[in-house]
Structures are given as C-alpha cells and as structure tokens.
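Fold and contact review
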Amino acid sequence: MPLKESKNGKECPLGKFQIDYSQQLDLDLMRKCLGCNFVNPSTEEELTLDNICQCPIDMTFKEYRQLMDQYGSLEDSPTKQGFQEYVKKHYQEK
C-alpha cells in the first residue's frame, strides 16, 4: 500500500511518521517502517517504503493497536505474516 500523500510529502497510513519532500529519507524513518507489522520486506521489488507497506490505507493507529492486541492474545508465536493474514480476515475497510 503506498504511503499517503500529504501537503509537503508523504506519511505513514498509521500516522507513525511523515516524510518531507525537502529532506532526505533518514534511517530512523526506515527503522520505524521496518518495525511495523505491516511491512513485507521480502518483496521482489526495489526496497522502498511505498513497496513494502502492506497497511490498509484507512486504518488508524488505534485500530492497529487493537488488532495487534487481539492477534497477540490468540497466537503463541505471533508473526508479521500471521498478523497481516489476521487483519485481512478481521479488518473492515471504511
């Protein structure tokens, strides 16, 4: 899922960070993105934030946390892939 366009750049659909077009992409932003449970870095495409983000574009951070808590309580060994599948089954896009 591509990052959301904002007035001066792009932002994480969950609101975790914003990238200003006038600045270089720094490693802190990339770390925040790679730490997200919607990131799928195993893509064959070039490793960019737009290519690896699997987040539903209309999901809020609050909804993300709720689904994380629900999924974590169901699984003994939660994984990013398992969480993404859980969201596909249980998240209703607006």
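Above this text is the structure in question.
Residues numbered from 1 in each chain as written. Predicted model: local features only at pLDDT ≥ 70, side-chain atom pairs only at ≥ 80, totals over all residues. Heavy atoms only, no water.

1. Notes on the overall build of the chain
Put simply, the test is: Secondary structure elements follow DSSP: runs of H or I no shorter than four residues count as helices, runs of E no shorter than two count as strands, and numbering proceeds from the N terminus. With a 1.4 Å probe rolled over the protein chains alone, any residue whose accessible area is under 20% of its type maximum counts as buried; one over 50% counts as exposed, and the rest are partly exposed. Residues count as neighbours in contact if any of their non-hydrogen atoms are within 4.5 Å of one another.
Scanning the chain for helices and strands turns up four helices and three strands. Listed N to C, the secondary structure of the chain is β-β-β-α-α-α-α in terms of helices and strands. Residues classed as buried in the chain amount to 32% of the 94 residues present. Counting contacts in the chain only where the partners sit at least 6 residues apart, residues at least 24 apart contribute 46% of the total.

2. With respect to the pattern of salt bridges
Spelled out, the test is: Any carboxyl oxygen of Asp or Glu within 4 Å of a side-chain nitrogen of Lys or Arg constitutes a salt bridge here.
Under the counting rule described, the total for this entry stands at two salt bridges. The partner of aspartate 69 in a salt bridge is arginine 65, with the nearest N and O atoms 3.6 Å apart. Here the residue aspartate 69 and the residue arginine 65 both occupy positions in helix α3 (residues 61-74), the gap between them amounting to four residues, near one helical turn. Look at aspartate 69 and you get partly exposed, because its relative accessible area is 48%. Judged by relative accessible area, which is 36%, arginine 65 ranks as partly exposed. The salt bridge involving glutamate 85 is made with lysine 88; its shortest N-O contact spans 3.5 Å. Here the residue glutamate 85 and the residue lysine 88 both occupy positions in helix α4 (residues 80-90), the gap between them amounting to three residues, near one helical turn. Judged by relative accessible area, which is 34%, glutamate 85 ranks as partly exposed.

3. Some words on the nonpolar core
Let me state the cut-off plainly: Note on terminology: a nonpolar core comprises buried Ala, Val, Leu, Ile, Met, Phe, Trp, Tyr and Cys residues joined through side-chain atoms within 4.5 Å.
Counting residues in each nonpolar core, the largest one holds 17 residues, and the members touching the most others are Leu14, Phe38, Met59, Tyr64, Leu67, Phe83 and Val87. Mapped onto this core, the elements with two or more residues apiece are α3 and α4. When sequence neighbours within four positions are dropped, the list of residues in contact with valine 87 reads Phe38, Pro56, Met59 and Leu67.

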